[in-house]
Amino acid sequence: MNAPAKLTDVTPRTVEFKLDNQTIHAFEGETILKAAKRHGIDIPHLCDKDGYRADGNCRACVVEIKGERTLAPSCCRSAVAGMQVQARSERAIKSQKMVLEMLLSDMPDVGYKWNEQDESQQHGELSDWAARMNVSVRPALKTLRREQPKADLSHPAMAVNLDACIQCKRCVRACREEQVNDVIGYALRGAHSKIVFDLNDAMGDSTCVACGECVQACPTGALMPKTQTGSQLVDKKVDSVCPFCGVGCLLTYKVKDNKIVGVDGRDGPANHNRLCVKGRFGFDYAHSRQRLTVPLIRKTGVPKDPAALQDLNRDSADWSSVFREASWEEALALTSGTLKGLRDTHGKKSLAGFGSAKGSNEEAYLFQKLVRTGFGSNNVDHCTRLCHASSVAALLEGVGSGAVSNQVNDVAHSDLIFIIGSNPTSNHPVAATWMKNAAQRGARIVLADPRVTDISKHAWRTLQFKADTDVATLNALIHTVIEEGLADEEFIRTRASNFEALRENVKDYSPETMSPICGIPAPTLREVARAFAKAKGAMILWGMGVSQHVHGTDNARCLIALAAVTGQIGKPGSGLHPLRGQNNVQGASDAGLIPMMFPNYQHVTNKAAHGWFEKFWDTKLDDQPGYTVVEIMHKALAPDTDPHKVRGMYIMGENPAMSDPDLNHARHALASLAHLVVQDIFMTETAWLADVVLPATAWPEKTGTVSNTDRMVQLGKQAIEPPGQAMPDLWIIQQIAKRMGLSWRYLGEHNGVAAVYEEMRQAMHATIAGITWERLQRESSVTYPCLSADDPGAPTVFLDRFDTTDGRVHLVPADIIPANERPDAKYPFVLITGRQLEHWHTGSMTRRAAVLDAIEPIATASLCGDDLTALGLSPGDVITVQSRRGEVVIHVRRDDGTPSGCVFVPFAYHEAAANLMTNAALDPFGKIPEFKYCAVAIHRNGVAAVASGYGKN
């Protein structure tokens, strides 16, 4: 990626004024309170919070301004030149103390938010300021205390204790203006005024999405996480990164007695203190009683039965009937000895490895190095093959880089935000807040998706195109731009190639011709195309709804072309952003955990790259691409006569027995392996088919880096110790390598994580050369490309040239390719799969988090009201959804955003595994399966499996 152009620094104008007879400088428009804070001058304040709009309602921060009759709230008053302010005058202090005393007098006798250094300060910031101002409550005021409201404990995650509420309205601003969820309001008047949820509902019955922004904002504990009501004294706080989606929110773990008891958002560049329900309340999976704590070996004579996975209850299943405990030495010896024997007997292609996008960059790098140098082939892959492989293929082809051009929060500079094939409020909730904030400021959101999802509430236009008609829809937009003379001719002339072929290809894709195919009125298609082309900045964000098709690469090619012909790339507020699904899917891909690429996307067939890595690793390397996830499953079922039959596998932190398409086929393949080693923190569905199970560490138990969807390399630090004999993943990989004859020596704490990172940095010098381990220790998060120690990183790339050989964007025309399987009389519905807000990936972590499991405990299939009526169904009924490959029995819910003729099923539920039905047909370029489209039938009735009870910790 090319570095950004240097921007001219603009020094903010300042004004000089006096505060308590001290001359200080404020930035133009800065409030007195903020200027005072910057100069280390304390003024009491309760309603003000950094990053929030000032509200000025608590009046604890009043100051005296010379020449003015009344005191002024310093949080709302801007400093002006020559102003003379007294925050410590007798009059100001008397008023500040009076406010604090009156608020304190209404507090309950026992509070909810102890100061972590002093348990006597039980009303949080209010107690803290009262102590600092030497305020105590007169008995007479306590006799006038308000009638204390009853507690609302209806929500699984949060307690509402309005007896501690000071009506500062931080929670209202947190909900409405920061997260833009519009749940919390302020109702009634005078002495009856209060905080309410929706229409004065109980919090648990409201539309609250449990982001927890309100509890982090609340200064007194009126809103608190249930895990932290009571004493707030903790042993330590540890800074880390959220272990869930690719947004990469920085957070702080609160730890007591080696257990995480709470999580706060941290001011990271991707989240600025914000979190979602998973990041804030999904932490207790690490303490689940179902954690693996000792190495396991399959008992002699116990067969691998993939069919048994259908009826296995995760909560009550006892592994002791299948496995026996073993020492680490025995388990590692069996693992490496058997894998080495298979390699030496059947050849290097007989082994394969699946690494993890849930671990660290260092683990991903070392895992792929083990497979390439120890196993001897490039048969290594991970979940990117199942999410954005087609996007990466198109981006590498078109712009020369598989990463995003602009960061999510760059939508703040966009006039138009084009979201396609993504449900950001569920899949990337904090990223969605930046989009909603932009809409509040006037940006126009266009949602293009077969499903009308929650972000549509904030959209200017919603293009609900028919499932599988992405190319038709996008080509119609490109046609309009070119036909109506809206193309950026200068950009095309100087920075694009193959435009004439694209122009010729889209001639037949007019909106009028495509409208019957995609289902969007032609005038609407033209209106959106014009708005996109004319916008000062237009940004495209997409998800797996674009990529998980047999034409996923073509879908992404169309997005690249739309951005290029309008010149909407290579500048702030414009560009291409495939939203990454797992916390380190970007980093794992960058680190080389893919079968056709060395680290930093250097193709294994490239002689120069191949030679460089052979020298760097001092090992002979395979010069042919390895097999992908789905191909490995096929090769596991190949006949014994196939010289490239896969016979042994090492799987770290992945669960293909739940995540692969056509699960019956995938599970059969895994069970057919001569030797399967699974390294994980739980007995996943894949682990039940293993020969050896190695207990690993959860994210809060390790130190390492991850790279988020914004190209930020971020450092997470170990917060807690692992349970039992569970060992760090980095240690396990090195132990297997040692026993397979590799002479690695990564010295240092945390199993040499810094040494591994330094080696990885050398392997990826073209992008992260300037991001040293020491720098990450200081800064926590650095954006790449970053090529030197003083390079701040490049949040926006392609400003001058693209990373292709000629520096131009390569336009690739795309035509309509239908889905591999179409609905018919027997299977009349289309199945769409995806994620939910509360659950993530295959559910192995989130369904073992008590709060998340309580909010969404059972699997559901979503149908629109019209289809429910036509099928004679009501919400809550049980249905059987059946494809040509498998079926699930599941409860139905109503969702009018799901189009007629389609059914949406989340894939996190073992007891109703959506991927039993999905189609393994592959995109020919990205080799990604067609998860987002297959034909199914829906039948009334069936016996739904009992929820697995993961959340019972």
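From a predicted model like this one, the values you see are computed outputs, not experimental measurements. Once a new chain begins, its residue numbering starts again from 1 and follows that chain's sequence as written. It should be noted that, the model being predicted, local features are given only for residues of pLDDT at least 70 and side-chain atom pairs only at 80 or more, the latter also being counted only at that level, while totals for whole chains, interfaces and linings use all residues. Remark: hydrogens and water are excluded; side-chain values derive from all non-hydrogen atoms of the structure.

K.L.:
An account of the overall build of the protein chain is requested, with residue identities and associated values reported.
P.N.:
Along its length, the protein chain carries 30 helices and 39 strands. Radius of gyration: over C-alpha atoms. The globule rule applied is 2.2 Å multiplied by the number of residues raised to the 0.38 power. Scaling as 2.2 N^0.38, a compact globule of 953 residues should have a C-alpha radius of gyration of about 30 Å, and the protein chain matches this with 29 Å. C-alpha atoms of the protein chain, sized along the principal axes, occupy 95 × 70 × 65 Å. Burial classes: relative accessible area under 20% of the type maximum marks a residue as buried, over 50% as exposed, and values in between as partly exposed (1.4 Å probe, protein chains only). Within the protein chain, buried positions represent 64% of all 953 residues. The contact definition used throughout considers only heavy atoms, calling two residues in contact when any of these lie within 4.5 Å. The contacts in the protein chain between residues at least 6 apart in sequence include a share of 73% that link residues at least 24 apart. Only the protein chains shown count as cover for residues, and the accessible areas themselves come from Shrake-Rupley with a 1.4 Å probe. For the protein chain, the accessible area works out to roughly 34100 Å², and carbon and sulfur atoms hold 50% of it. In the protein chain, the 103 positive side-chain charges and the 108 negative ones have mean positions that sit 3 Å from each other. For the purposes of this entry, the term helix denotes a DSSP run of H or I that reaches at least four residues, the term strand denotes a run of E that reaches at least two, and both are numbered from the N terminus. When charges are counted, neither His nor the chain ends are considered; positive counts come from Lys and Arg and negative counts from Asp and Glu. Note that the charge is assigned to NZ on lysines, CZ on arginines, CG on aspartates and CD on glutamates.

K.L.:
Outline the pairing of strand 21 (residues 538-542), supporting the account with residue identities and numerical values.
P.N.:
On a regular strand, one side chain projects to one face of the sheet and the next to the other, so that they alternate. Burial analysis of strand 21 places five of its five residues in the buried class, which makes it a mostly covered element. Neither face of strand 21 is open: one carries Ala538, Ile540 and Trp542, the other Met539 and Leu541, and all of them are buried. Of the pairings in the sheet, the one linking strand 17 (residues 416-420) to strand 21 comprises five bridges and is parallel in character. By the bridge assignment for strand 21, Ile420 is matched with Trp542. Whether two strands pair comes down to DSSP finding at least two bridges between them. As paired elements, strand 21 and strand 22 (residues 575-578) share four bridges and run parallel to each other. Residue pairing across strands places Trp542 opposite Pro578, the latter belonging to strand 22.

K.L.:
Kindly report on the pairing of strand 11 (residues 250-256), identifying the contributing residues and their values.
P.N.:
With six of seven residues buried, strand 11 lies mostly within the body of the structure. Where strand 10 (residues 236-241) lies against strand 11, six bridges are found, and the strand directions are antiparallel. What sits directly across from Ser240, in strand 11, is Leu251. Here six bridges tie strand 11 to strand 12 (residues 259-265), and the two strands are oriented antiparallel to one another. Bridging across to strand 12, Thr252 finds its partner in Asp264. Two successive antiparallel strands, strand 11 and strand 12, enclose a turn made up of two residues, where Asp257 displays a positive phi of approximately 55°.

K.L.:
Describe in detail the environment of Ala217, supporting the description with residues and values.
P.N.:
Tracing the chain through its elements places Ala217 in helix 6 (residues 213-217). Of the residues examined, Ala217 reaches a relative accessible area of 0% and is grouped as buried. Between the C-alpha atom of Ala217 and that of Ser574, which follows or precedes it by 357 residues, the distance is 32 Å. Apart from residues lying up to four places away in sequence, Ala217 is in contact with Lys49, Tyr52, Arg170 and Ala174.

K.L.:
Summarise the pattern of salt bridges; cite the residues concerned and give the values.
P.N.:
When a carboxyl oxygen of Asp or Glu lies within 4 Å of a side-chain nitrogen of Lys or Arg, that pair is called a salt bridge. Taken as a whole and assessed by the stated rule, the structure comprises 54 salt bridges. Put simply, Asp50 and Lys37 hold a salt bridge, and the shortest N to O gap is 3.2 Å. Of this pair, Asp50 sits in the loop between helix 1 (32-38) and strand 3 (62-65) while Lys37 sits in helix 1, placing them 13 residues apart in sequence. The class of Lys37 is partly exposed, set by a relative accessible area of 30%. As a salt-bridge pair, Arg461 and Glu527 come within 2.9 Å of each other at their nearest N and O atoms. Note that Arg461 is positioned in strand 19 (residues 461-463) and Glu527 in helix 17 (residues 522-534), a separation of 66 residues in sequence. Using a relative accessible area of 28% as the deciding quantity, one classes Arg461 as partly exposed.

K.L.:
I'd like to hear about the sheet that holds strand 3, residue by residue, with values.
P.N.:
In space, the five strands of this open sheet follow the order 2-1-5-3-4, with mixed pairing throughout. In the strand order of this sheet, the two ends are held by strand 2 (22-27) and strand 4 (72-73), each with one partner. Interaxial angle, 0 to 180 degrees, is taken between N-to-C directions of lines fitted to C-alpha atoms, where a helix line uses only the stretch in contact. Across the sheet, helix 2 (residues 90-105) is in contact with strand 3 and strand 5 (84-86); its angle to strand 3 comes to roughly 160°.

K.L.:
I'd like a description of the sheet that holds strand 29 (residues 712-716), backed by residues and values.
P.N.:
Across the sheet, three strands lie side by side as 28-29-30; this open sheet has antiparallel pairing. The open sheet is flanked by strand 28 (704-707) and strand 30 (781-783), the only strands paired with a single partner. Each adjacent strand pair in this sheet contributes to an overall mean axis angle of 20°, direction not counted. Alignment of strand 29 against strand 30, held across three bridges, turns out to be antiparallel. Counted as the bridge partner of Val713 is Val782 from strand 30.

K.L.:
Mind laying out empty space enclosed by the protein, listing which residues take part and the relevant values?
P.N.:
The pocket and cavity definitions rest on a 1 Å grid over protein atoms only: a 1.4 Å probe that fits but cannot leave marks a cavity, an open set with protein on both sides within 12 Å along at least five of seven lines marks a pocket, and residues lining either have an atom within 4 Å of a point. Grid points are joined across faces, edges and corners, and a volume is the space filled by probe spheres set on the points. Scanning the model with the defined rule gives 13 cavities of 30 Å³ or more in all. Of the pockets and cavities examined, the largest cavity occupies roughly 330 Å³. If you list the elements that add at least two residues to the lining of the largest cavity, you get helix 18 (544-547) and strand 32 (829-834). The element best represented in the lining of the largest cavity is strand 32, accounting for three residues. Each residue gets one label: Ala, Val, Leu, Ile, Met, Phe, Trp, Tyr, Cys and Pro are nonpolar, Asp, Glu, Lys and Arg are charged, and the others, such as Gly, are polar. Its residues assigned to classes, the lining of the largest cavity comprises eight nonpolar, 12 polar and six charged. Taken as a whole, the second largest cavity spans an internal volume of roughly 200 Å³. Taken together, 19 residues form the lining of the second largest cavity, with Ser356, Lys358, Ile681, Thr697 and Lys702 sitting closest to its centre. Within the lining of the second largest cavity, the residues separate by chemical class into eight nonpolar, six polar and five charged.

K.L.:
Outline the packing of helix 13 (residues 470-483) against helix 19 (residues 552-565), listing residues and values.
P.N.:
Between two packed helices, what matters for the description is the angle formed by their axes and the separation of those axes. Contact pair helix 13 / helix 19: the axes reach a minimum separation of 9 Å and the direction vectors enclose 15°. As far as their axial angle goes, helix 19 and helix 13 are roughly parallel. Between helix 13 and helix 19 lies a crossing of left-handed hand. Counting all contacts with helix 13, which are made through Asp470, Val471, Leu474, Asn475, Leu477, Ile478 and Val481, the residues of helix 19 involved are Asp554, Asn555, Cys558, Leu559, Ala561, Leu562 and Val565. Of the residues assigned to the contact of helix 13 with helix 19, the class counts are 10 nonpolar, two polar and two charged. Reported orientations rely on four angle classes, namely roughly parallel under 35 degrees, roughly antiparallel over 145, roughly perpendicular from 65 to 115, and oblique for the rest. Should the near helix be turned counterclockwise from the far one by less than a right angle, the crossing is left-handed, whereas a clockwise turn marks it as right-handed.

K.L.:
Any details on helix 5 (residues 170-178)? Residues and values, ideally.
P.N.:
Most of helix 5 sits out of view: seven of its nine residues are buried. Taken as a whole, helix 5 has its buried residues at Arg170, Cys171, Val172, Arg173, Ala174, Cys175 and Glu178. Along its buried surface, helix 5 packs onto helix 3 (124-132), strand 7 (184-187), strand 8 (194-197), helix 6, strand 9 (223-225) and helix 12 (429-440). Of the residues one or two after helix 5, Val180 is the one with positive phi, at around 55°.

K.L.:
Talk me through the side chain of Arg667; I want residue IDs and the actual numbers.
P.N.:
Mapped onto the secondary structure, Arg667 falls in helix 24 (residues 663-672). Put simply, Arg667 is tucked away with no salt bridge, and the nearest opposite charge, on Glu685, sits 5.9 Å away. For the purposes of these results, a polar contact is taken to be a pair of N or O atoms within 3.5 Å, where, inside protein, one atom must be able to donate a hydrogen and its partner to accept one; residues adjacent in sequence count only when each atom of the pair is a side-chain atom. At a separation of 2.8 Å, a polar atom in the side chain of Arg667 contacts the main-chain carbonyl oxygen of Ala657.

K.L.:
Residues and numbers for the packing of aromatic side chains, please.
P.N.:
Note on aromatic pairs: each is described by the distance of the centres and the angle between the planes. Only rings of Phe, Tyr and Trp enter the pairing, Trp through its six-membered ring, and a pair is recorded when the two centres are within 6.5 Å. The plane angle decides the type: under 30 degrees is stacked, over 60 is edge-to-face, the rest tilted. Taken as a whole and judged by the stated rule, the model has 17 aromatic pairs. By the ring-pair criterion, three or more aromatic residues cluster together here, those being Tyr365, Phe598, Trp612, Phe613, Phe616 and Trp617. A positively charged side chain is recorded as over a ring if its NZ (Lys) or CZ (Arg) lies within 6 Å of the ring centre. The angle to the ring normal must also be within 35 degrees. Residue placement shows Arg132 over the ring face of Trp129; its charged tip is 4.0 Å from the ring centre. Of note, Arg451 hangs over the ring of Phe904, and the distance from its end group to the ring centre comes to 3.7 Å.

K.L.:
So what about the confidence of the model for the protein chain? Which residues, and what values?
P.N.:
Values of pLDDT, the confidence the predictor places in each residue, fall between 0 and 100. Here the protein chain averages 94 in pLDDT, while 97% of its residues score no lower than 70. Here residues 1-9 is modelled with pLDDT under 50, and outside its nearest four sequence neighbours on either side it reaches 20 contacts, counting other chains as well.

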